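Given next are the chains, with one letter for each unit.
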Amino acid sequence: MTQLQEGDDGSYDFVAVAYREEDYWDVDLLPVALTYDLKALVHALRQQPSISGAIGLVSVGEDFFIIARVYGRDDVSIFLSDVTASVEWQVAREVLEYLDIEVPEDEDLDQVLPAGDLSILADLGLDEMELGALAGDIDLYPDEVLASIAERLGFQQAFQRALDALG
């Protein structure tokens with residue numbers, strides 16, 4: 001069984017994968033080790049069958065989240081909620097490297113800016129402006145943003161059920 005890994009700040013890291021089978025969404029948790037390895041995350045998402053691509057929802061502590069969406073073998077979209085996370089987190093640096101974006105300099109660390117494909121979920125009903133606003137809301141923790149995204153896309157119950165199964 002997958003376990004949530006408690007961070008130093010009392011928060012929890014998790015990776016959920018959402019995918020459609022026929023007319024309904026299903027959400028499963030993936031091993032927490034995938035919160036630290038972008039290449040392994042993408043590989044795991046490629047293993048999920050789905051008519052609309054597998055969507056990886058990664059929450060890293062109270063700091064940031066990643067959304068990865070895989071269609072088939074070669075079509076991969078990535079979104080990182082906060083580029084400044086790359087200063088402290090290897091997986092965030094891996095995302096920036098994948099996106100061919102430089103790690104921000106010290107003088108650029110004073111604001112939360114997302115990176116990647118803001119339209120990653122647009123075809124499912126979450127447009128760029130809405131995703132950008134959610135990523136920039138400093139009053140929400142990453143797991144809360146991901147729960148809000150799950151609700152907007154129509155798989156909130158399956159998402160919550162997957163998280164609740166961990167206890």
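Above this note sits the structure.
Chemist: Please clarify how the overall build of the protein chain should be interpreted in this entry.
Modeler: Broken down by element type, the protein chain carries five helices and seven strands. Starting at the N terminus and ending at the C terminus, the protein chain contains elements arranged as β-β-β-α-β-β-β-α-β-α-α-α. When the 167 residues of the protein chain are sorted by exposure, 44% land in the buried category. Partitioning the contacts of the protein chain with sequence separation of at least 6, the portion at a separation of at least 24 is 55%.

Chemist: I would appreciate a short explanation of the pattern of salt bridges in the present structure.
Modeler: Oppositely charged side chains can form a pair if their charged atoms are brought close together. Under the criterion given, the structure shown has two salt bridges. The salt bridge partner of D123 is R69, with a shortest N-O separation of 2.6 Å. Taken together, the residues D123 in the loop between β7 (115-116) and α3 (128-136) and R69 in strand β5 (residues 64-71) connect sequence positions 54 residues apart. The exposed category is assigned to D123, whose relative accessible area is 55%. For E130, the salt bridge identified is with R152, shortest N-O distance 2.4 Å. Here the residue E130 occupies a position in helix α3, and R152 occupies one in helix α4 (residues 142-153), the gap between them amounting to 22 residues. Given a relative accessible area of 39%, R152 falls into the partly exposed group.

Chemist: When you look at the pairing of strand β6 (residues 75-80) in this model, what are you seeing that I'm missing?
Modeler: On a regular strand, one side chain projects to one face of the sheet and the next to the other, so that they alternate. Of all the six residues making up β6, five are buried; the element is thus mostly covered by neighbouring parts of the structure. Relative to β6, β5 runs antiparallel, the two being bridged by six bridges. What sits directly across from Y71, in β6, is D75. Turn length for the β5-β6 hairpin, with the two strands adjacent in sequence and antiparallel, is three residues, and the turn residue G72 shows positive phi of about 60 degrees. Here two bridges tie β6 to β7, and the two strands are oriented antiparallel to one another. By the bridge assignment, L80 is partnered in β7 with A115.

Chemist: Can you walk me through the environment of E94 in this structure?
Modeler: With respect to the helices and strands, the residue E94 is situated in helix α2 (residues 90-99). Separated by 55 residues in the primary sequence, E94 and K39 have C-alpha atoms spaced 8.5 Å apart. When residues no more than four places from it in sequence are discounted, the contact partners of E94 are Y36, D37, L38 and K39. At 2.8 Å, the side chain of E94 and the backbone nitrogen of L38 are in polar contact.

Chemist: How should I be thinking about the side chain of T35 in this particular structure?
Modeler: Secondary-structure assignment places T35 in the loop between β3 (24-30) and α1 (38-46). Given the relative accessible area of 0%, T35 is considered buried. A distance of 2.7 Å separates the side chain of T35 from the backbone oxygen of V32, its partner in a polar contact. In contact with T35, other than residues within four places in its own chain, are D13, F14, V15, V58, S59, V60 and V91.

Chemist: How do you make sense of the nonpolar core when you look at a structure like this?
Modeler: Nonpolar side chains tend toward joint burial in soluble globular proteins. In this structure, I67, I149, F155 and F159 are the most contacted members of the largest nonpolar core, which totals 28 residues. Those elements giving two or more residues to this core turn out to be β2 (12-21), β3, β4 (54-60), β5, α3, α4 and α5 (156-164). By residue number, the principal contributor to this core is α4, which donates six residues. Not counting residues within four places of it along the chain, the set of residues in contact with F159 comprises F14, A16, V27, L57, L146, A147 and A150. One finds V17, L30, L38 and V95 within the second-largest nonpolar core, a separate group that totals 27 residues.

What counts and what doesn't
- The numbering scheme is per chain: residues are counted from 1 as the chain's sequence reads.
- For this predicted model, a pLDDT threshold of at least 70 governs which residues receive local features, and a threshold of 80 or more governs which side-chain atom pairs are given and counted, while totals over whole chains, interfaces and linings are taken from all residues.
- Side-chain descriptors were evaluated using all non-hydrogen atoms of the structure, hydrogens and water having been removed beforehand.
- Per the convention used, a helix needs a DSSP run of H or I reaching at least four residues, while a strand needs a run of E reaching at least two, with both numbered from the N terminus.
- Three labels apply to residues, based on accessible area from a 1.4 Å probe with only protein chains included: buried if under 20% of the type maximum, exposed if over 50%, partly exposed otherwise in between.
- Should any heavy atoms of two residues lie within 4.5 Å, those residues are considered in contact.
- Each salt bridge in this description consists of a side-chain nitrogen of Lys or Arg and a carboxyl oxygen of Asp or Glu lying within 4 Å of one another.
- Pairing between two strands is assigned when DSSP locates at least 2 bridges connecting them.
- Polar contacts, as used here, are pairs of N or O atoms within 3.5 Å; protein pairs need one atom able to donate a hydrogen and one able to accept it. Residues neighboring in sequence count only if both atoms are side-chain atoms.
- What is meant by a nonpolar core is a set of buried Ala, Val, Leu, Ile, Met, Phe, Trp, Tyr and Cys residues, joined one to another through side-chain atoms within 4.5 Å.

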